[in-house]
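# Examining the three-dimensional arrangement
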Amino acid sequence: MFTPSLAVLVILFSMETPDYQLLMKTLAELDDLRKNLQIEVKKQTKKVEDRREKVERLSEQVILTLAKTIDAKDKYTNGHSERVAAYSREIAKRMGMSEQEQHEIYHMGILHDIGKIGVSDDITNKLGKLTDDEYRMIQKQPEIGGEILAIISELPDISIGAKYHHEKYDGTGYPYKIAGEDIPFYARIIRIADAYDAMTSRRSYRDVLPQQVVRAEIF
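Quick look at the structure, then. The residue numbers shown here count from 1 along each chain, following its written sequence. Per-residue local features are limited, in this predicted model, to residues with pLDDT of at least 70; the limit for side-chain atom pairs, both in listing and counting, is 80 or more; totals at the level of whole chains, interfaces and linings are taken over all residues. Just so you know, side-chain values use all the structure's heavy atoms and leave hydrogens and water out.

## Here's the deal with the nonpolar core
- If you look at the biggest cluster of nonpolar residues, it comprises 13 residues, and the most contacted ones within it are Ile105, Ile160 and Tyr186.
- For this core, the element with the most residues is helix α9 (residues 185–199), which contributes five residues.
- Contacts are assigned to residue pairs with any non-hydrogen atoms lying within 4.5 Å of each other. Ignoring anything within four residues of it in the chain, the contact list for Ile105 reads Ser88, Arg89, Ala92, Tyr186, Ile189 and Ile190.
- Grouped together as the second largest cluster of nonpolar side chains are eleven residues, Ile70, Tyr106, Ile110 and Ile114 included. Take the buried Ala, Val, Leu, Ile, Met, Phe, Trp, Tyr and Cys residues and link them wherever side-chain atoms come within 4.5 Å; each set so joined is a nonpolar core. Only protein chains enter the calculation, and the probe is 1.4 Å; a residue is then buried if its accessible area is under 20% of its type maximum, exposed if over 50%, and partly exposed in between. By definition, any uninterrupted DSSP run of H or I lasting at least four residues is a helix, any uninterrupted run of E lasting at least two residues is a strand, and each is numbered from the N terminus.

## Here we look at unusual backbone geometry
- With an omega dihedral of 5 degrees, the bond running from Tyr174 to Pro175 counts as a cis peptide bond.
- The topology assignment puts Pro175 in the loop between α8 (160–164) and α9.
- Despite not being glycine, Lys177 shows a phi value in the positive range, around 55 degrees.
- Note on Lys177: relative accessible area 54%, which makes it exposed.

## With respect to the side chain of Lys116
- Structurally, Lys116 is set in the loop between α4 (99–110) and α5 (121–124).
- A relative accessible area of 11% places Lys116 in the buried class.
- Discounting chain neighbours no more than four positions away, the residues touching Lys116 are Ile70, Lys73, Asp74, Thr77 and Gln141.

## With respect to helix α3 (residues 80–94)
- Take the number of residues in a helix, subtract one, and multiply by 1.5 Å to get its expected span. Across its 15 residues, α3 extends 21 Å between first and last C-alpha, which sits within 8% of the 21 Å expected from 1.5 Å per residue.
- Residues of α3 that are buried: His80, Ser81, Val84, Ala85, Ser88 and Ala92. Within α3, the buried residues cover an arc of 130 degrees as seen down the axis, which keeps them to one side.
- Immediately downstream of α3, the backbone of Gly96 shows phi near 85 degrees, a positive value. Arc definition: directions from the helix axis to the C-beta atoms.

## What to know about the pattern of salt bridges
- Think of a salt bridge as a Lys or Arg side-chain nitrogen and an Asp or Glu carboxyl oxygen that are within 4 Å of each other. Tallied over the entire structure, the rule returns nine salt bridges.
- A salt bridge links Arg94 to Glu90, with the nearest nitrogen and oxygen atoms 2.8 Å apart. With Arg94 and Glu90 both in helix α3 and four residues apart, the pair spans about one turn of that helix.
- Here Glu90 falls in the partly exposed class, since its relative accessible area comes to 33%.
- Across the pair Asp113 and Lys116 runs a salt bridge, and its minimum N-O distance is 3.6 Å.
- Taking the relative accessible area as the measure of exposure, Asp113 reaches 4% and is therefore buried.
- Salt bridges sharing common partners tie together Asp31, Arg34 and Lys35.

Next comes the structure, spelled out in structure tokens:
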């Protein structure tokens, strides 16, 4: 097998040979191509990131709009969903949960009452005592909310707050009457936030409760 000597290679790729000049030109063109590809990749990456941020902003706006629509059904609880979401996130933060977990529980909290959409305004805003039938309708709210949010396949856990925030640790809640740690952890946090806001907000049947009463009830 023929193997060119070092001297032959030196002569072959001498700066004065056409082969060497062609090689250098090709390498220069490849380098330009590489640089152009890097620039194009950066451009396309930026476009993708911009689109993702736009979708995220739109999602946040849609969620906030839904929350405002829910709260508008009850004139005594305007802003309730946003406050519950903020309280839930703050509790998660103080418990040392990650920013991602805080973000998730905020979304669960802000839509926890979405099941109210399926409850008549006459029942929601009734000043007097509810009848048994009306109370049974109220108790369907978590199931209705869970069914609505189950449609959002990209956020499979977002229905947790809506479905379970009326469950109680002793098992006397509704609609599933589950107890203790069987209640999803996020739902337990949202329930505390929900109860706190309910007690510190004016309702159709009572005024704001004093903080000492609220704390005694929670703790």
